[in-house]
Amino acid sequence: MSFFSAAPGNDPKEILRHFTPNWFAATMGTGVLALMLGDFPYGQPALTVVAQALWCVNVLFFALFSLMFLSRAVFFPESFRRLFHHPVQPLFIGCIPMGFATIVNGMITLWPISAASMVWTNAMWWIDVALSVISVLVVPFYMFTAQEHRMERMTAAWLLPIVPPEVAAASGGLVAQHLAPILGTSVIFVSYVLWAISVPLSMGILTILFLRLTLHKLPHVDMAVSAWLPLGPLGTGAMAMITLGAASRHIFSLTDLAPMALLWQDAGVMVALVLWGFGLWWMIMAIVFTLRYLREGLPFNMGWWGFTFPLGVFDSATYLLAKETQFSPFLYLGTAFTVLLAVFWVIVTKRSLSGMWTARLFRDPSLSIETGMMISKEDRI
């Protein structure tokens, strides 16, 4: 099909009106693959070059998507406000800070570190913190006050606006390891607070999700990939505990908090093991669910990016546990997870680029007939 042949209303301008935050899930998946290729234990340093190239592509797409999303807010304010009343689309606001976090992490793990680069990385991390706080406060507020939800329609997508603070916390642990104590102290304490905000809320949602699955069985096939989303908070929660433990030992080594920092490091590994084990159960269930959905037919949508980031952060936690425990099965599992992640990414990227080329995927459900939220004349340019 030709370029933009399936644009909404056959009008390319409508692409901006219909641009939704779930496109940032593509930057999450692409960014985390770049990070995992950098950690892959074989084929280095050539694979690091591939990871750096993928990171650069991810930066370009994040900038493009940010421009499109902001353009919708500026030029189509009414439809932008309407987005927040939809029961699903606002959840993907959380993809923005999580996608940005992969860029921040790549600045540390994929590129040479210098004093100048850390100034930029530290500033970018604080921006990510701000975006994460907006996500975890604003989206639940609209869920509580403006949206309609039912238990039988609940999915793991509820995690999306809740997880960004702990993703920022995991990034904070990486950033603080390369900062002077005067700067790193605030990063560490803020990161622990972010973890404390996100992880308990995520556990509550997982409890509700277990009840929902028990009472109402599997979600509709359109939300099939959401089965992988629980790996996100469990993987990033484990990552944060390990990276913050290492950062605490670095920052507080010459202070009165040195003994406590050693405890944080040891406790961090233990908590990470617990979260990783819980995540392994969810991963097995996600695989089983996906195989069942495949037998029924699994149509492509942007939700397929849910195959990538949750698996990627769980993979990252696996590599970190391999490093901290020296338990070789973690390394082998991490390697297998990276290969699976790469396969998922290739499949989803190919289909997403096709949908982007024809503009078929640029359709906002909050502006559809089915939702009862049609585009008004006042909202047109």
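Residues numbered from 1 in each chain as written. Predicted model: local features only at pLDDT ≥ 70, side-chain atom pairs only at ≥ 80, totals over all residues. Heavy atoms only, no water.

S.K.: Pulling in residues and values, what's your account of the overall build of the protein?
M.R.: Within the protein, the secondary structure is distributed over 12 helices and 0 strands. Element order for the protein, N to C, with α for helix and β for strand: α-α-α-α-α-α-α-α-α-α-α-α. Taken over C-alpha atoms, the radius of gyration comes to 20 Å for the protein, in line with the 21 Å a tight globule of 381 residues would show. The dimensions of the protein, computed from C-alpha atoms along their principal axes, are 65 × 45 × 45 Å. When burial is assessed residue by residue, the protein has 55% of its 381 residues classed as buried. Across the protein, the fraction of contacts at a sequence separation of at least 24, relative to all contacts at a separation of at least 6, is 83%. Split by element, the accessible area of the protein, about 16,800 Å² in all, is 72% carbon and sulfur. For the protein, the distance from the average position of its 19 positive side-chain charges to the average position of its 18 negative side-chain charges is 9 Å. (Helix = DSSP H or I, 4+ residues; strand = E, 2+ residues; numbered from the N terminus. Rg over C-alpha atoms; globule rule 2.2 N^0.38 Å. Buried < 20%, exposed > 50% of the residue type's maximum accessible area, 1.4 Å probe, protein only. Contact = heavy atoms within 4.5 Å. Areas by Shrake-Rupley, 256 points an atom, 1.4 Å probe, with all protein chains shown as cover. Lys, Arg positive; Asp, Glu negative; His and termini not counted. Charge placed at Lys NZ, Arg CZ, Asp CG, Glu CD.)

S.K.: Just give me the short version of the packing of aromatic side chains, but keep the residues and values in it.
M.R.: Enumeration over the complete set of coordinates arrives at 35 aromatic pairs. For the pair F19 and W23, a centre-to-centre distance of 6.5 Å together with 15° between the ring planes defines the contact as stacked. For the pair shown, F19 and W23 are each scored as buried. (Phe/Tyr/Trp six-rings, centres within 6.5 Å; stacked < 30°, edge-to-face > 60°.)

S.K.: Residues and numbers for the pattern of salt bridges, please.
M.R.: Any two side chains of opposite charge can pair, given that their charged atoms come close. This model, assessed by the stated rule, comprises 5 salt bridges. Ionic pairing is found between E14 and R17, a salt bridge with its closest N-O pair at 3.1 Å. One end of the pair, E14, and the other, R17, are both in helix 1 (residues 14-17), 3 residues apart, so they sit about a helical turn from each other. One exposure class covers both E14 and R17, and it is buried. (Salt bridge = Lys/Arg side-chain N within 4 Å of Asp/Glu carboxyl O.)

S.K.: Please provide a residue-by-residue account of helix 5 (residues 95-109), values included.
M.R.: With 15 residues, helix 5 extends 21 Å between its outermost C-alpha atoms, agreeing within 8% with the 21 Å of an ideal straight helix rising 1.5 Å per residue. Within helix 5, 14 of the 15 residues are buried, leaving the element largely enclosed by the surrounding structure. (Expected span 1.5 Å × (residues − 1).)

S.K.: Hey, could you go over the environment of P230 for me, with residue numbers and the actual values?
M.R.: In this structure, P230 sits in the loop between helix 8 (181-216) and helix 9 (231-251). Owing to a relative accessible area of 0%, P230 belongs among the buried residues under this scheme. Separated by 80 residues in the primary sequence, P230 and P310 place their C-alpha atoms 7.3 Å from one another. Ignoring anything within four residues of it in the chain, the contact list for P230 reads A156, L159, L206, L209 and W282.

S.K.: Can you lay out the confidence of the model for the protein for me, pointing to particular residues and giving the numbers?
M.R.: Averaged over the protein, the pLDDT score is 93; the fraction of residues at 70 or greater is 96%. A low-confidence stretch, residues 369-381 stays under pLDDT 50, and its non-local contacts, those more than four residues away or across chains, total 32 contacts. (pLDDT = per-residue confidence, 0-100.)

S.K.: Can you break down the packing of helix 6 (residues 115-145) against helix 7 (residues 164-176) residue by residue, with the values?
M.R.: Where helix 6 contacts helix 7, the two axes come as close as 8 Å, and the packing angle between them is 165°. Relative to helix 7, helix 6 is oriented roughly antiparallel. Note on packing geometry: the crossing formed by helix 6 with helix 7 is left-handed. Contacts between helix 6 and helix 7 involve M118, T121, N122, W125, D128, V129, S132, S135 and V136 on the former and, on the latter, P164, P165, A168, S171, G172 and V175. In the contact of helix 6 with helix 7, the residues fall into 8 nonpolar, 6 polar and 1 charged. (Axes fitted to C-alpha atoms, helices over the stretch in contact; angles between N-to-C directions. Parallel < 35°, antiparallel > 145°, perpendicular 65-115°, else oblique. Left-handed = near helix turned anticlockwise from the far one by under 90°. Nonpolar A, V, L, I, M, F, W, Y, C, P; charged D, E, K, R; others polar.)

S.K.: So what about the packing of helix 10 (residues 258-296) against helix 11 (residues 309-325)? Which residues, and what values?
M.R.: Between helix 10 and helix 11, whose axes approach to 10 Å, the crossing angle comes to 140°. Taken together, the axis directions place helix 10 and helix 11 in an arrangement best described as oblique. Like other packed secondary-structure pairs, helix 10 and helix 11 cross with a definite hand, here left-handed. Only L311, F314, A317, T318, L321, E324 and T325 of helix 11 make contact with helix 10, whose side of the interface consists of Q265, V269, A272, L273, W276, G279, L280 and M283.

S.K.: How would you explain the environment of P12 if you had to name every residue and give the values?
M.R.: Position of P12 among the secondary structure elements: in the segment before helix 1. Among all residues touching P12, those that are not within four sequence positions of it are F4 and A7.

S.K.: Tell me about the environment of I205, and name the residues and values.
M.R.: With respect to the helices, strands and loops of the structure, I205 is situated in helix 8. Classification of I205 as buried rests on a relative accessible area of 11%. Remark: the alpha-carbon pair of I205 and W158, spanning 47 residues in sequence, is separated by 7.2 Å. Discounting residues that sit within four places of it in the chain, I205 has contacts with M154, W158, L159 and I162.

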